[in-house]
Amino acid sequence: MISKNYEEKIRNSVTKKFSAMGVDEDTINELVNVSIESLNEELDKIESILASDELLDLGLHTHTIKGILLNVGLDEDANSFKEIKHLFEEGKTDDEIKSIAKERISIFY
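Residues numbered from 1 in each chain as written. Predicted model: local features only at pLDDT ≥ 70, side-chain atom pairs only at ≥ 80, totals over all residues. Heavy atoms only, no water.

Caption draft 1: Geometry of helix H1 (residues 4-19). The end-to-end C-alpha distance of H1 is 22 Å, a good match for the 22 Å that 16 residues give at a rise of 1.5 Å each. Of all the positions in H1, only Tyr6, Glu7, Ile10, Ser13, Val14 and Phe18 are classed as buried. All buried residues of H1 lie within an arc of 130° about the axis, which places them on one face of the element. Looking at H1, the residues exposed on the side facing more than 90 degrees away from the buried face are Lys4, Asn5 and Lys16. Looking at the buried residues of H1, the elements they touch are helix H2 (25-51), helix H3 (58-71) and helix H4 (75-79). (Helix = DSSP H or I, 4+ residues; strand = E, 2+ residues; numbered from the N terminus. Expected span 1.5 Å × (residues − 1). Buried < 20%, exposed > 50% of the residue type's maximum accessible area, 1.4 Å probe, protein only. Arc of directions from axis to C-beta. Contact = heavy atoms within 4.5 Å.)

Caption draft 2: Here's a closer look at the side chain of Ser13. Checked against the element boundaries, Ser13 lands in helix H1. What makes Ser13 buried here is its relative accessible area of 13%.

Caption draft 3: Main features of the packing of aromatic side chains. Enumeration according to the criterion identifies two aromatic pairs in this entry. Between Tyr6 and Phe108 the ring centres are 4.8 Å apart and the planes differ by 75°, which places this aromatic pair in the edge-to-face class. In this pair, Tyr6 sits in helix H1 while Phe108 sits in the segment after helix H6 (94-105), placing the two residues 102 residues apart along the sequence. Just as Tyr6 is buried, Phe108 falls in that class too. These aromatic residues form a ring-pair network of at least three members: Tyr6, Phe81 and Phe108. (Phe/Tyr/Trp six-rings, centres within 6.5 Å; stacked < 30°, edge-to-face > 60°.)

Caption draft 4: Focus on a negative patch on the surface. Judged by side-chain charge, Glu30, Glu37, Glu41, Asp44 and Glu47 come together as a negatively charged surface patch. Relative to the helices and strands, Glu37 resides in helix H2. (Patch = residues over 30% accessible without salt bridge, like charges linked within 9 Å, V, L, I, M, F, W, Y side chains within 5 Å. Areas by Shrake-Rupley, 256 points an atom, 1.4 Å probe, with all protein chains shown as cover. Salt bridge = Lys/Arg side-chain N within 4 Å of Asp/Glu carboxyl O. Lys, Arg positive; Asp, Glu negative; His and termini not counted. Charge placed at Lys NZ, Arg CZ, Asp CG, Glu CD.)

Written out as structure tokens, the structure is:
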């Protein structure tokens, strides 16, 4: 589960981004709730992957997190997730990849 502080960060970012577009409060609240739910689902998947020795789908789920964060206006946080799928191509070991992924997801806790 993401922390209450990070949930608030999402809420503030979504409110700022979508209020400027004239989006109503109910829709903004729904966007916040769906974003938090989606992040929690992806983080659960990543935690399971990191607990196993099968890292094949890690890039897919970190890429999904990057997309969610971009959608809610947290571009800086999103950018920290874009490199993970390339770590395999760079020849990083599983332990190195796990360490980097754990560091990246720590922003949510």
